[in-house]
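# Examining the three-dimensional arrangement
Listed here are the chains, written in short residue letters.
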Amino acid sequence: MIDFVPLELYFAVFINIFLFFVLFTLLHTGLLKMDDPRNIGFINVTGYILIAFLIFYMGQRPVSGRYFGDMRTYTRYFEWYSNGGEILGSKDIFFHVYMKTLSYIVSLHTFFTICAAIYILPLYRISKKLFGQYWYYAFLMFVVSFSFYTYGVNGVRNGMATSLFLLAVSNHRNKIFMGLCMLLSVSFHKTMFLPTIAFLVTYLYNNPKVYLKGWLLCIPLSLVMGGVWISLFSSLGFADDRLSGYLNAQAEEGTFSSTGFRWDFLFHSAFAVFAGWYFVYKKKFVDTLYFQLLNTYLICNGFWVLVIRANYSNRFAYLSWFMMGLVIIYPFLKQKFFKNHHFMIGKVVLVYFSFTYLMYYLYK
């Protein structure tokens, strides 16, 4: 267990370590060509170091409900099961079976380390599968995302579920395996019904220009009829009563779940929307899988925009945000668009990370 880092500094240490890696990556992109053997060596060594660091640092954190949110709840579940307790409840049943099984085999901190590995390794898998030797840039975009840390140490189950979804996407050519991974993702957290359904919809209709216009339409619809959408989706009981609970619950004082129309979060969400618009309209980039990823993001994020005024709407936002880094970086790693293309990748990573870094110091 990592007990030498003060709990109140745990995230500060994390984010400043990544500041160093982002700046060091920017330096490399400015000095070396993308296919330079020295750069390939650097990104591979650095990438594997980051994977090991993340699994250990996030998995071996001390138990704390104050600094790691739901970690205390998971600890109580684990201790209950390790003492022979029966499965609690019927929601997200597979996750509880998974926890109960591990409680007989491993210690508490080993359990959290395994959870961290399930959260992080699929990010490596999809990056490697889609981008080959340049996987590091996509992986870095995943882990410097605004919500990455939170769903690794707080919303553990949700974070694992999103990574299992990405594992499914990385095997999109193997429909049976993809289906099993999506089923597993939903079994870990029912909210994953939304991105799963959205991705499947793209097999029926996959025109990003239409989805981009639909996302833009969601903004005035939310501004004018925000309460209507919250009431509508609550009454439908989308996926399960957990989602309805997020829509109707009262926000706790001090939580990162402020109400009102969150222009700051909308600005953040627009990063991926702008990237999609730019590459689809301006650069005429055509890639079926990219269109599916972009359209899945637009459907899920558009849903969040409609209910943006709800308490805990950030939990809906994460159902699209976990894909944002991939949506932004994908075209850069598939095709060369700029004269100093490699340096442009470094600058994109820096700008994307800057939002995460500034939001931490703004809201801490």
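Let us now look at the environment of Y137. With respect to the helices and strands, Y137 occurs in helix α7 (residues 135-143). Look at Y137 and you get buried, because its relative accessible area is 0%. Taking the C-alpha atoms as reference points, Y137 and I43, 94 residues apart in sequence, are found 8.0 Å from one another. The residues touching Y137, leaving out its near neighbours within four places in the chain, are T25, T29, M34, N39, I43, I329, L333, H342 and I345.

Below, the discussion takes up the packing of aromatic side chains. Tallied over the full model, the rule gives 58 aromatic pairs. Relative to W321, the ring of F146 has its centre 5.7 Å away and its plane inclined at 70 degrees; by these criteria the two rings are edge-to-face. Taken together, the residues span a long stretch of sequence, with F146 in the loop between α7 and α8 (150-153) and W321 in helix α16 (residues 314-321) at a distance of 175 residues. Here W321 falls in the buried class, since its relative accessible area comes to 4%. Relative to F199, the ring of F165 lies with its centre 6.1 Å away and its plane at 90 degrees, an arrangement referred to as edge-to-face.

The next subject is the packing of helix α14 (residues 263-282) against helix α15 (residues 288-306). Where α14 meets α15, the closest approach of the two axes is 11 Å, and the angle between their N-to-C directions is 150 degrees. As judged from the angle between their axes, α14 and α15 are roughly antiparallel. In the crossing of α14 with α15, the sense of the turn from one axis to the other is left-handed. Residues F265, L266, S269, A272, V273, A275, G276, F279 and V280 of α14 form the contact with α15, whose participating residues are Y290, F291, L294, Y297, L298, N301, W304 and V305.

Moving on to the nonpolar core. Judged by nonpolar contacts, the single largest core of 134 residues is most densely connected at F111 and I120. With residues near it in sequence (within four places) discarded, I120 still touches I51, L54, I55, M58, F139 and F148.

The subject of this paragraph is unusual backbone geometry. Even without being a glycine, K284 presents a positive backbone phi close to 55 degrees. Considering the arrangement of structural elements, one finds K284 in the loop between α14 and α15.

A few words now on the environment of L27. Of note, L27 is situated in helix α1 (residues 10-31). Residue class for L27 comes out partly exposed when judged on its relative accessible area of 45%. A C-alpha to C-alpha distance of 7.8 Å links L27 and G346, two positions 319 residues apart in sequence.

Moving on: a positive patch on the surface. A contiguous patch of positive charge, built from R125, K129, R173, K175 and K334, is present on the exposed surface. Inspection of the secondary structure assignment puts K334 in helix α17 (residues 324-334). The partly exposed category is assigned to K334, whose relative accessible area is 38%.

Two elements in contact, helix α2 (residues 37-59) and helix α6 (residues 108-131), have axes separated by 7 Å at closest approach and are oriented at 150 degrees. Taken together, α2 and α6 sit at an angle that is classed as roughly antiparallel. When the axes of α2 and α6 are compared, the crossing they make is right-handed. Between α2, through N44, Y48, I51, L54, I55, M58 and G59, and α6, the contact on the second element is made entirely by H109, F112, T113, A116, A117, Y119, I120, L121, Y124 and K128.

Vacant regions in the atomic arrangement are exposed by a probe of water-molecule size rolled over the atoms. According to the stated counting rule, one finds two cavities of 30 Å³ or more in the structure shown. Of the voids in this model, the largest cavity is the one considered here, and its volume is about 90 Å³. At the level of secondary structure, the elements contributing two or more residues to the lining of the largest cavity comprise α6, α9 (156-170) and α16. For the lining of the largest cavity, the element with the highest residue contribution is α9, accounting for three residues. Taken together, the residues of the lining of the largest cavity break down into eight nonpolar, four polar and no charged.

Of all 11 residues making up α17, 10 are buried, and the element is well covered by its neighbours. Where α17 is concerned, the buried positions are M324, G325, L326, V327, I328, I329, Y330, P331, F332 and L333.

Take the confidence of the model for the protein next. The predicted model of the protein has a mean per-residue pLDDT of 88, with 90% of residues at 70 or higher. Averaged over each element, pLDDT in the protein is lowest for helix α13 (residues 241-248) (49) and highest for α7 (97). Segment residues 238-242 is flagged for pLDDT under 50; beyond a separation of four residues in sequence, or across chains, it makes 14 contacts in the model. Note on residues 248-257: pLDDT is under 50 here. Beyond four places in sequence and across chains, it has 17 contacts.

The rules behind the values
Residues numbered from 1 in each chain as written. Predicted model: local features only at pLDDT ≥ 70, side-chain atom pairs only at ≥ 80, totals over all residues. Heavy atoms only, no water. Helix = DSSP H or I, 4+ residues; strand = E, 2+ residues; numbered from the N terminus. Buried < 20%, exposed > 50% of the residue type's maximum accessible area, 1.4 Å probe, protein only. Contact = heavy atoms within 4.5 Å. Phe/Tyr/Trp six-rings, centres within 6.5 Å; stacked < 30°, edge-to-face > 60°. Axes fitted to C-alpha atoms, helices over the stretch in contact; angles between N-to-C directions. Parallel < 35°, antiparallel > 145°, perpendicular 65-115°, else oblique. Left-handed = near helix turned anticlockwise from the far one by under 90°. Core = buried A, V, L, I, M, F, W, Y, C linked by side-chain atoms within 4.5 Å. Patch = residues over 30% accessible without salt bridge, like charges linked within 9 Å, V, L, I, M, F, W, Y side chains within 5 Å. Areas by Shrake-Rupley, 256 points an atom, 1.4 Å probe, with all protein chains shown as cover. Salt bridge = Lys/Arg side-chain N within 4 Å of Asp/Glu carboxyl O. Lys, Arg positive; Asp, Glu negative; His and termini not counted. Charge placed at Lys NZ, Arg CZ, Asp CG, Glu CD. 1 Å grid on protein atoms, 1.4 Å probe; cavity = no way out; pocket = protein on both sides within 12 Å on 5 of 7 lines; lining within 4 Å. Points joined across faces, edges and corners; volume = space filled by probe spheres on them. Nonpolar A, V, L, I, M, F, W, Y, C, P; charged D, E, K, R; others polar. pLDDT = per-residue confidence, 0-100.

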